[in-house]
Amino acid sequence: MVSIRRAEMQDLQHMQHCNLWCLPENYTFKYYLYHGMVWQSLLYVAEDINSGRIVGYVLAKQDEEDEEGSKLEHGHITSLSVLRTHRKLGLANKVMQSTHRDMDKIFESHYVSLHVRVSNRAALGLYRDKLGYETFDTEEKYYADDENAYNMRKWFRKKAEKQ
């Protein structure tokens, strides 16, 4: 059984460990610490109840200005990962929904953005089909290996509220 809960400071190292096992894009512990100190209410983990092990997480933050220079308050998903042993259980969807809820209700974000490899079909299925993200732009050679990324957005506010 797995529990979804808000991350605590002692979870940050376990989140980084999950990232190192699953993703080619890795961050220093200082980066996790910064997120934990500034945006702790947006960080969620999936914890295996039996072992106490962190098996998934979402690392997120708030931004006040977007690429176009707009002052729309919005969230950004920095990293999302679930260990292979715990995939296909809907955990990524659940931690993302928790973060979305807090971005919308606590921070009153207009939207949330993320970057995803154009080749990551599983993630694209989650973001587009289950979570309602739309492709905003394609960023050429975004990743260290020169793969392109989709810049995706999910709007929380209705079009009339965006202006």
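Here the structure is a predicted model, which means the values were calculated and not measured.

Draft legend 1. Region of interest: the overall build of the chain. The number of helices and strands found in the chain is five helices and seven strands. For the chain, the sequential pattern of α-helices and β-strands runs β-α-α-β-β-β-α-β-α-β-β-α. Residues counted as buried form 48% of the 163 residues belonging to the chain. For the chain, restricting intrachain contacts to residue pairs at least 6 apart in sequence, the fraction spanning at least 24 positions comes to 63%.

Draft legend 2. Examining the pairing of strand 7 (residues 149-155) more closely. Pairing of strand 5 (residues 111-117) with strand 7 involves seven bridges; the strand directions are antiparallel. Looking at the pairing, Leu114 lines up with Met152 of strand 7. Of the pairings in the sheet, the one linking strand 6 (residues 134-139) to strand 7 comprises five bridges and is antiparallel in character. Note that in strand 7 the partner of Thr138 across the bridge is Tyr150.

Draft legend 3. Broad picture of the side chain of Lys61. On the secondary structure map, Lys61 appears in strand 3 (residues 54-63). Buried and unpaired, Lys61 has Asp63 as its nearest opposite-charge partner, separated by 4.1 Å. When residues no more than four places from it in sequence are discounted, the contact partners of Lys61 are Tyr31, His35, Trp39, Leu42, His74, Gly75, His76, Thr78 and Met103.

Draft legend 4. Structural detail: the nonpolar core. Grouped together as the largest cluster of nonpolar side chains are 37 residues, with contacts concentrated most on Met15, Ile77, Leu80, Met96, Leu114, Tyr127 and Tyr133. For this core, the secondary structure elements donating two or more residues are helix 1 (12-22), strand 2 (44-48), strand 3, strand 4 (74-82), helix 3 (91-105), strand 5 and helix 4 (121-130).

Definitions and limits used
- Throughout this document, residue positions are counted from 1 along each chain, in the order its sequence is written.
- For this predicted model, a pLDDT threshold of at least 70 governs which residues receive local features, and a threshold of 80 or more governs which side-chain atom pairs are given and counted, while totals over whole chains, interfaces and linings are taken from all residues.
- The basis for every side-chain value is the complete set of non-hydrogen atoms in the structure, without hydrogens or water.
- The numbering of helices and of strands both runs from the N terminus, where a helix is a DSSP run of H or I of at least 4 residues and a strand a run of E of at least 2.
- Three labels apply to residues, based on accessible area from a 1.4 Å probe with only protein chains included: buried if under 20% of the type maximum, exposed if over 50%, partly exposed otherwise in between.
- Two residues form a contact once any of their heavy atoms are found within 4.5 Å.
- Only strands joined by at least two bridges in the DSSP assignment are considered to pair.
- As used throughout, the charge tally considers Lys and Arg to be positive and Asp and Glu to be negative, leaving His and the chain termini uncounted.
- Every case where a carboxyl oxygen of Asp or Glu lies within 4 Å of a side-chain nitrogen of Lys or Arg is listed as a salt bridge.
- Take the buried residues of types Ala, Val, Leu, Ile, Met, Phe, Trp, Tyr and Cys, join any two whose side-chain atoms come within 4.5 Å, and each joined set is a nonpolar core.

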